[in-house]
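Residue-level structure breakdown
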Amino acid sequence: MSIKYYTLPLNTRMLINRGVHESCSLEQSISHHIHLINTSNFGECAFDETFGCAIWVIDFDNLKTTNSLKSLIQQSLYESLSRHEKRLHSIEVSVRMKQEQISGVMNSVRIKRKLDIRVKAQVIKTNEAFSYVEYFYIGPLSYS
């Protein structure tokens, strides 16, 4: 039996009405799930308060050093992926944090912290290498 992986956002009305929901590959499904973990706050998911990561916790933290924030996020993502993404093994998470200038409205310039997140792992089902890259601007959190 072939497993069907659905794209995000999930259209539950279509699924309930037995419509045809857009599907995706195993790797795309894993990427969607990692993005969902990255953008979820701990406690946001009512049935599992461990779902999410520490990005939201440190979003406005200006008191900790860059290295301690980076380590906190990296450890948090690793623990969340190990706990919630069971389709991967040998997970490695790396996080880089740097200051970046963002052009704003009416020629204003804002300084934000940019998080570069890289995940490397092995897909259990196929034993193929898996790679995921995403970046966020924090303080406040935004992503593209």
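1. Regarding the pairing of strand β4 (residues 109-123)
Pairing geometry for strand β3 (residues 88-103) and β4, over 14 bridges, is antiparallel. Residue S94 lies in a different strand from β4, and its bridge partner there is R118. When β4 meets strand β5 (residues 129-138), the two strands line up antiparallel, connected through ten bridges. By the bridge assignment for β5, R118 is matched with V133.

2. Re a nonpolar patch on the surface
The grouping of Y6, L8, L10 and L36 at the surface amounts to a nonpolar patch, some 320 Å² of accessible area in total. Locating L8 in the fold gives a position in the loop between β1 (5-6) and α1 (12-16). Judged by relative accessible area, L8 falls into the partly exposed class, the value being 39%.

3. Remarks on the packing of helix α2 (residues 26-38) against helix α3 (residues 66-84)
Two elements in contact, α2 and α3, have axes separated by 11 Å at closest approach and are oriented at 130°. What the angle tells us is that α2 and α3 run oblique. Regarding α2 and α3, the two cross each other, and that crossing is right-handed. Contact residues: H33, I34, I37 and N38 in α2; L77, S80, L81 and H84 in α3. Partitioned by chemical class, the residues of the contact of α2 with α3 number four nonpolar, four polar and no charged.

4. Section: unusual backbone geometry
Look at the link from L8 to P9: it is a cis peptide, with omega at 0°. With respect to the helices and strands, P9 occurs in the loop between β1 and α1. A positive phi is found at N127, a non-glycine position, where the angle reads about 60°. Looking at the element boundaries, N127 is found in the loop between β4 and β5. Exposure remark for N127: the relative accessible area of 51% places this residue in the exposed category.

5. Observations regarding the pattern of salt bridges
Scanning all chains against the criterion turns up three salt bridges. One salt bridge connects R87 with E85, and the closest N-O pair in it is separated by 2.7 Å. Sharing partners across several salt bridges, the network here consists of R96, K114 and D116.

6. With respect to α3
The end-to-end C-alpha distance of α3 is 27 Å, a good match for the 27 Å that 19 residues give at a rise of 1.5 Å each. If you check which residues of α3 are buried, you get L69, I73, S76, L77, S80, L81 and H84. End-on, the buried residues of α3 take up no more than an arc of 125°, which puts them together on one face. Buried residues along α3 sit against α2, β3 and β4.

7. Topic: the packing of aromatic side chains
What the rule picks out here adds up to one aromatic pair. With a centroid separation of 5.8 Å and 85° between ring planes, the pair formed by Y135 and Y137 is classed as edge-to-face. By relative accessible area, which is 35% here, Y135 ends up partly exposed. A cation over a ring is seen here: K114 above Y135, with NZ or CZ 4.5 Å from the ring centre.

Calculation rules
- Residues numbered from 1 in each chain as written.
- Predicted model: local features only at pLDDT ≥ 70, side-chain atom pairs only at ≥ 80, totals over all residues.
- Heavy atoms only, no water.
- Pairing = 2+ DSSP bridges.
- Helix = DSSP H or I, 4+ residues; strand = E, 2+ residues; numbered from the N terminus.
- Patch = residues over 30% accessible without salt bridge, like charges linked within 9 Å, V, L, I, M, F, W, Y side chains within 5 Å.
- Areas by Shrake-Rupley, 256 points an atom, 1.4 Å probe, with all protein chains shown as cover.
- Salt bridge = Lys/Arg side-chain N within 4 Å of Asp/Glu carboxyl O.
- Buried < 20%, exposed > 50% of the residue type's maximum accessible area, 1.4 Å probe, protein only.
- Axes fitted to C-alpha atoms, helices over the stretch in contact; angles between N-to-C directions.
- Parallel < 35°, antiparallel > 145°, perpendicular 65-115°, else oblique.
- Left-handed = near helix turned anticlockwise from the far one by under 90°.
- Contact = heavy atoms within 4.5 Å.
- Nonpolar A, V, L, I, M, F, W, Y, C, P; charged D, E, K, R; others polar.
- Expected span 1.5 Å × (residues − 1).
- Arc of directions from axis to C-beta.
- Phe/Tyr/Trp six-rings, centres within 6.5 Å; stacked < 30°, edge-to-face > 60°.
- Lys NZ or Arg CZ within 6 Å of the ring centre and 35° of its normal.

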